[in-house]
Amino acid sequence: MTRRADTVVVGGGIVGTCIAGFLAEAGEGVLVLDHGHGAGTTSNAGSLHVQMQSRFMRLYPEAVPGMEAQLPLYREAVAFWRDLVARLGIDVGLAMTGGLMVAESEEQLAFLGAKAARERAAGLEVEILTRADLTRIAPYLGPAIVGAELCADEGKVDPLAANAALAAWAAGLGVTRDRDRLVLGIDTEAGGYLLATDRGPVSARRVVLAAGWGTGALAARFGLAVPSRAEPLHMNITEAAAPLIGHLVQHADRMITLKQLASGQVVIGGGWPARAGEGRDAPGVELDSMIASATLAQHVVPALAPLRILRCWAGNNTAVDGRGVLGPVAGHPGLFVAVPGDAGYTLGPLSARLVADAVLGRGDGGAIAPYLPDRFSVALAAR
Amino acid sequence: MAAIRFGAQVIAAQEGESVLAALAGAGMWTLGEDARRHPRGAWCGMGACQACLVTIDGVPAQRACMAKVRDGMAIEPAAARIETAADIVAAAPRRADALPLRTPDLLVVGGGPAGLAAATTARAAGIEVLLIDERRQPGGQYFKQRDVATLSPADAQQREGAARIDAALEAGVEMLAGATVWGAFPGPELVADTPDGPLRVRPSALVLATGAIERGWPVPGWTLPGVIATGAAQTLWRTARRAPPGRIVIAGNGPLNLQLAAELLAGGAKVAALVEAAPAPGPRHARALLKMSAAAPSLVAQGAAYRARLAAARVPLVSAAQVAAVRAADAGLIVRVDTGREIAADTLCLGYGLAPADELARALGCAGPVDDAMRTSVDGIWRVGDGVAIGGAHVAAAQGMIAGAAVAARFGRTVDCGAAKTALARHRRFQSALWRLYAPALPLDPSSDADTVVCRCEGVTMGRLRTARDEGCTSMSALKLATRAGMGACQGRYCATLLAGLTDASGEPGLAPRVPVRPVRIGDLAR
Ligand SMILES: Cc1cc2nc3c(=O)[nH]c(=O)nc-3n(C[C@H](O)[C@H](O)[C@H](O)COP(=O)(O)OP(=O)(O)OC[C@H]3O[C@@H](n4cnc5c(N)ncnc54)[C@H](O)[C@@H]3O)c2cc1C
Ligand SMILES: Cc1cc2nc3c(=O)[nH]c(=O)nc-3n(C[C@H](O)[C@H](O)[C@H](O)COP(=O)(O)OP(=O)(O)OC[C@H]3O[C@@H](n4cnc5c(N)ncnc54)[C@H](O)[C@@H]3O)c2cc1C
Ligand code: FES
């Protein structure tokens, strides 16, 4: 039997969940279909990133101008997180502590200086700190650190608490959610779309593709070549410690991101690779990534030595071209794409708001214009 | 003798025993605070549950049950959150290939009856064998050795164990005790935390003989200090001849409880009651007893002797009853049994069954054993003993021998293991009859209320879990993400079996296995 819904959101990560909630707030009936495996959202580390991440600048130097153009969006996205959490009255360990990107040499410090100048021009609140400044505000940093860039707009959130609270919020608004349903393909039908799933067909007037790395495969049928790739990443978390690390900490030249959650646990990551899962299996953790990230963390914050790593996990980040893919699919009324840019958890709720507004026909669409899916239109590319 | 400090108190201890043994001997069960800031005490006593963490000589989060007493040790109760010192030296970052690597023909994880047998059999056939065990001494649970050699003499079980350990050493098995395997990656590549620092092992063949852990019994009050696993009390007694002072109530299902009661009584401890879920043996058990006698007459005689000892000491035996709740009293604990009866105790031992410790096998994606030689679905990896399914020490040893022979065959050596196959069949018959004898009067069912803690590590209650389930979290992973149950230091080892009861019986194999299977200290990785 075909199940019917007014709006189907494919993908129940941070983006899909928030879109569903925003649509339900506007009185729409929403069904979320989620495969339940390998989401970036359930594996993410809860950093609210604003400054340009040195990892992405190194990996994709050609994308730096694009990153710069997006910087104001990140600041707005963090402000949006704060407003959302305040409006819903949920406790998700959100803390605006500021983020440090540390340097171990004059050369790295010079890189940060140049980066800070570009970011300041884009309206971010950043400053370069000396070792003496750091000894004052971040005494937990090890002796190898000679300076840092501080971005006051950065912070952190407890991702587990946030995911649970947002899912409960959406459910409370009447959003239904299938947690274990894989969408195999989507076709048009009279008055909407027919989705083939591993548990029978679903028919909907509108469809929002918020399926992270799974989006490209579903969008291809509609003339979009969204190059969404799963990027398996490794993470570590320690047992709870007394307050030690205030800031979100990153490195100018090395792959490390660490922060202490409200629970007291320290989350250590930074883009170290995980083992890609076979078929639809979730990715697996890597010994080398664990050793490398944990020892690097102890190098940056020596007091981590006595803490034990309780768990490692791996999840799929979604990489596209650094920029979000947000908004209606031209020529297919009622079909929308919602994939955030890099640091997609930070961008998630705001990206969802922009797409939900497009679905509801609200606003003038100006904010979403740079992110429209059109840039991946096969027809456009052929022309 | 040695003296250790616990907080402000000085305690007489025995060099070599576990810190937990010394503290328990002094009746000190409260070791710190749990996640909910309630008093926290030891539970499993075998290194798995992480409930006995203390700070030793300034190093936080050490397992009291695994740490060895040294004269002058300063022990502090552990706070819910670890205080880190400011003067720690930063180490240089390193990669995995900087860790020492061993490549033996065969790696055996676990030195219990199963692992010892596998190692000795393979080694006798000329294969290079490295055996790693987490305990201070090999022997596993059944052959647990004394940590304090100056104590009363070893019993028959311990002497038999010592002989098997000696045989393994004589055959040339290399043994690494006090080393915990915390990681297992495809290859297979295993990583251990050893007394000399981290070690990687890439063996040609791998035998996993990791034994069992005790199941939790989530009734109201089961997390109170002084409520411990039966196996924990047994370990304190067998390794250090320590029995907690005051009244001891032992409750559960199965022969380990009876054996513990008898051993403690013989040692002069005060056993206030034995509560057993099975009905008292009667005429309808005659067939089972007959089968057991045919398979292993000495074990049946031993059981009868244990019962006689309890009767002679007039220990009340409460049959066909299960512990329903525990509460703290002015002095000690009050144990409420489902028949309504209340029993006063200073220590309560709960032994409601064992569960295989299969985390390494699952981390490696091994299904099975898939054949009689105990091979798994992954080529070159075997699983034996109680780590596969609970069958007891004799089944474990026979399986170990059979797997050892199969490993030898992989290297082109022939070993006859016909005797082991016969023994295996005989002990399986014994086990199935034994468990007919111990069939509980009513299905085992801890009466958890909404406030009962299910996940000790994260302090997650039954009420939270039921709410999450009713909100649609019907799989174990969804429950885990929504409530944090299973995310604690024990890696869900104690709550996974309990969570399973709350979810769809969709055949989910439990919580996804996560490396590290035991918490690993960042400073030890940098060492
Ligand atoms: C380990 C890790 C750490 C991270 N840390 C951070 C961080 O600290 N800060 C930050 O800002 N970002 C972080 N990210 C990135 C961030 O988590 C993601 O960008 C973000 O969560 C993406 O959200 P999403 O809703 O777009 O997609 P996802 O959360 O990936 O959700 C997509 C969902 O769609 C489902 N799906 C896919 N295909 C189908 C289909 N055909 N049918 C049905 N369902 C389907 C998937 O199963 C998945 O559940 C991290 C990512 C990883 C992997
Ligand atoms: C606490 C306890 C007490 C028991 N007492 C008895 C008893 O008195 N009589 C009886 O018949 N049965 C007893 N049993 C049942 C017992 O499981 C079997 O009888 C028998 O010991 C099983 O043998 P095995 O070799 O399979 O496992 P075990 O004897 O349990 O040996 C497994 C060994 O593997 C080691 N190990 C596990 N994981 C790792 C790792 N990651 N790294 C390094 N080493 C590891 C453990 O330290 C252990 O020494 C007891 C079980 C428990 C849990
Ligand atoms: S009891 Fe340890 S994680 Fe649940």
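Residues numbered from 1 in each chain as written. Chains lettered and ligands numbered in written order. Predicted model: local features only at pLDDT ≥ 70, side-chain atom pairs only at ≥ 80, totals over all residues. Heavy atoms only, no water.

Overview of the domain arrangement of chain A
All names here are of chain A.
Thinking step 1. Segmentation of chain A into domains returns domain 1 (3-43 + 160-228 + 321-382) and domain 2 (99-152 + 230-318).
Thinking step 2. Here the C-alpha centroids of domain 1 and domain 2 sit 31 Å apart.
Thinking step 3. Taken together, the contact pairs 11 residues of domain 1 with 9 residues of domain 2.
Thinking step 4. Between domain 1 and domain 2, roughly 840 Å² of surface is buried when both sides are summed, and carbon and sulfur atoms account for 55% of that area. (Domains from an automatic or database assignment. Contact = heavy atoms within 4.5 Å. Buried area = accessible area lost by both parts, 1.4 Å probe.)

Looking at the interface of chain B and chain A
Many authors give the size of an interface as the accessible area that is lost as the parts come together.
Thinking step 1. Chain B puts 46 residues into the contact, and the matching count from chain A is 44 residues.
Thinking step 2. Summing the contributions of chain B and of chain A, the shared interface buries around 3,900 Å²; its carbon and sulfur component is 63%.
Thinking step 3. Where chain B touches chain A, the interface holds 1 salt bridge.
Thinking step 4. As a salt-bridge pair, Arg 95 of chain B and Asp 288 of chain A come within 2.5 Å of each other at their nearest N and O atoms.
Thinking step 5. Across the contact surface, chain B and chain A share 18 residue pairs in polar contact (both at pLDDT 80 or more).
Thinking step 6. Within the residue set of the side of chain B that touches chain A, elements represented by two or more residues are β6 (59-63), β12 (180-185), β13 (189-194), α12 (476-483), β29 (520-521) and α14 (522-526) of chain B. (Salt bridge = Lys/Arg side-chain N within 4 Å of Asp/Glu carboxyl O. Polar contact = N/O pair within 3.5 Å; in protein donor to acceptor, adjacent residues only side chain to side chain. Helix = DSSP H or I, 4+ residues; strand = E, 2+ residues; numbered from the N terminus.)

Concerning the pattern of salt bridges
Thinking step 1. Applying the stated criterion to the full structure yields 40 salt bridges over all chains.
Thinking step 2. Of the charged contacts, one joins Asp 133 of chain A and Arg 136 of chain A as a salt bridge, the two residues approaching to 3.2 Å between their closest N and O atoms. Of this pair, Asp 133 of chain A and Arg 136 of chain A both sit in helix α6 (residues 131-137), 3 residues apart, which is roughly one turn of that helix.
Thinking step 3. The salt bridge partner of Glu 189 of chain B is Arg 200 of chain B, with a shortest N-O separation of 3.5 Å. Of this pair, Glu 189 of chain B sits in strand β13 while Arg 200 of chain B sits in strand β14 (residues 197-201), and the two are 11 residues apart along the sequence. A single burial state applies to Glu 189 of chain B and to Arg 200 of chain B, both of which are buried.
Thinking step 4. Within the structure, one salt-bridge network assembled from shared partners comprises Arg 63, Glu 134, Glu 359, Arg 493 and Arg 518 of chain B. (Buried < 20%, exposed > 50% of the residue type's maximum accessible area, 1.4 Å probe, protein only.)

Things to note about the pairing of strand β2 (residues 9-13) of chain B
Thinking step 1. Where strand β1 (residues 2-6) of chain B lies against β2 of chain B, 5 bridges are found, and the strand directions are antiparallel. Paired with Ala 3 of chain B across the strands is Ala 12 of chain B, a residue of β2 of chain B. (Pairing = 2+ DSSP bridges.)

Brief notes about the nonpolar core
Thinking step 1. In terms of nonpolar packing, the biggest core is built from 91 residues, with Val 19, Trp 43, Ile 250, Val 323, Leu 348 and Leu 350 of chain B touching the most fellow members.
Thinking step 2. Apart from residues no more than four positions distant in its own chain, Val 19 of chain B is found in contact with Ile 56, Ala 64, Ala 67, Lys 68, Val 69, Met 73 and Ile 75 of chain B.
Thinking step 3. Formed by 59 residues, the second largest nonpolar core is a distinct cluster that contains Cys 18, Ile 19, Met 57 and Tyr 345 of chain A. (Core = buried A, V, L, I, M, F, W, Y, C linked by side-chain atoms within 4.5 Å.)

Focus: helix α5 (residues 106-121) of chain A
Residues and elements named next belong to chain A.
Thinking step 1. With 16 residues, α5 should reach 22 Å at 1.5 Å per residue; the first-to-last C-alpha distance of 23 Å fits that figure.
Thinking step 2. Turning to α5, its buried residues are Gln 108, Leu 109, Leu 112, Lys 115, Ala 116 and Glu 119. Down the axis of α5, the buried side of the element spans an arc of 125 degrees, and every buried residue falls inside it. Within α5, the exposed residues directed more than 90 degrees away from the buried face are Glu 106, Glu 107, Ala 110 and Ala 121. (Expected span 1.5 Å × (residues − 1). Arc of directions from axis to C-beta.)

Quick word on the domain arrangement of chain B
Thinking step 1. When cut into domains, chain B gives domain 1 (2-77), domain 2 (96-213 + 355-415), domain 3 (240-352) and domain 4 (449-527).
Thinking step 2. Centre-to-centre, using C-alpha coordinates, domain 3 of chain B lies 30 Å away from domain 4 of chain B.

Examining the site of ligand 2
All names here are of chain B.
Thinking step 1. Taken together, 35 residues lie around ligand 2, and Ala 114, Asp 133, Gln 141, Gln 234 and Asp 386 are the ones closest in.
Thinking step 2. Within the contact set of ligand 2, an oxygen atom lies 2.8 Å away from a backbone nitrogen or oxygen of Gln 141.
Thinking step 3. Measuring from an oxygen atom of ligand 2, one finds a side-chain N or O atom of Asp 386 at 2.6 Å.
Thinking step 4. Protein chains shield 94% of the accessible area of ligand 2, which is 960 Å² for the free molecule.
Thinking step 5. Those elements that place two or more of their residues in the shell around ligand 2 are α2 (113-124), β10 (129-133), β12, α4 (230-240), α5 (255-266) and α9 (392-410).
Thinking step 6. Per element, the largest residue contribution to the shell around ligand 2 is 3 residues, and it comes from α9. (Near = heavy atom within 4 Å. Areas by Shrake-Rupley, 256 points an atom, 1.4 Å probe, with all protein chains shown as cover.)

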